[in-house]
Amino acid sequence: MEAVKKIEKIEMDLKEKIKNIRPKFVKTRRKARIWKVFIISLGIITTIILGIKDISWGSTVGFILSALLTGVTAIESLYNHASKSVQEHEYYVKLTDLKQDIEFYKQGKELEDYQLSDVKAFFEEFKKIRTEFHNFRVETVKVSYENNNSKSN
């Protein structure tokens, strides 16, 4: 029965992680798209205004928009929503794959046939997935800060 209790605990933890990460990666992906559209739009508007020679205020506004575009691009690279969205989606897929592996393992087996060694293997895979995700997030933050620091120097 120890194996049964442990596999139930893993399933409960998996369910919670999956429930939490799904809306998060959807929201992050939306933010990434909004930032990208905003940056592209700002670049287009800046180029158009700088290209119009007939308006007297065009170069001043174009210069201001150009500076704003630089700042917005730097801020976006600091948060790096696109990369975070990919990481979160990959984490979600790995968690759901593990959940399916456990369901497949349990299919057609009696509770007393669960092997503790198999359950431990599922737990080790769960820990590996979480650790990889969190280490990757830490590395992404480091790279974002390093890139921002090198741009400002």
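The model shown is predicted, which means the values in this text are computed figures rather than measured ones.

Let us look at unusual backbone geometry. Phi is positive for Asn80, which is not a glycine, with a value near 50°. With respect to the helices, strands and loops of the structure, Asn80 is situated in the loop between α2 (58-79) and α3 (81-106). Asn80 sits in the partly exposed class, given a relative accessible area of 24%.

Tallying each qualifying case throughout the model produces four aromatic pairs. Taken together, a centroid distance of 5.3 Å and an interplanar angle of 50° make the contact between Phe25 and Tyr92 tilted. Taken together, the positions of Phe25 in helix α1 (residues 2-51) and Tyr92 in helix α3 put the pair 67 residues apart, joining distant regions of the chain. Here Tyr91 and Phe133 contribute two aromatic rings whose centre-to-centre distance is 4.0 Å and whose plane-to-plane angle is 10°, an arrangement assigned as stacked. Linking Tyr91 in helix α3 with Phe133 in helix α4 (residues 116-152), this pair joins segments that are 42 residues apart in sequence. For Phe133, a relative accessible area of 10% corresponds to the buried category. Feature note: the residues Tyr105, Tyr114 and Phe122 constitute an aromatic cluster, connected by ring pairs. Lying over the aromatic face of Phe126, Arg130 brings its terminal NZ or CZ to 4.6 Å of the ring centre.

Glancing now at a positive patch on the surface. On the surface, a cluster of positive charge is made up of Arg22, Lys27, Arg29, Arg30, Lys31 and Arg33. Considering the arrangement of structural elements, one finds Arg22 in helix α1. Judged by its relative accessible area of 40%, Arg22 is partly exposed.

Rules behind the numbers
Residues numbered from 1 in each chain as written. Predicted model: local features only at pLDDT ≥ 70, side-chain atom pairs only at ≥ 80, totals over all residues. Heavy atoms only, no water. Helix = DSSP H or I, 4+ residues; strand = E, 2+ residues; numbered from the N terminus. Buried < 20%, exposed > 50% of the residue type's maximum accessible area, 1.4 Å probe, protein only. Phe/Tyr/Trp six-rings, centres within 6.5 Å; stacked < 30°, edge-to-face > 60°. Lys NZ or Arg CZ within 6 Å of the ring centre and 35° of its normal. Patch = residues over 30% accessible without salt bridge, like charges linked within 9 Å, V, L, I, M, F, W, Y side chains within 5 Å. Areas by Shrake-Rupley, 256 points an atom, 1.4 Å probe, with all protein chains shown as cover. Salt bridge = Lys/Arg side-chain N within 4 Å of Asp/Glu carboxyl O. Lys, Arg positive; Asp, Glu negative; His and termini not counted. Charge placed at Lys NZ, Arg CZ, Asp CG, Glu CD.

Interpretation in functional terms is not warranted from these geometric data alone.
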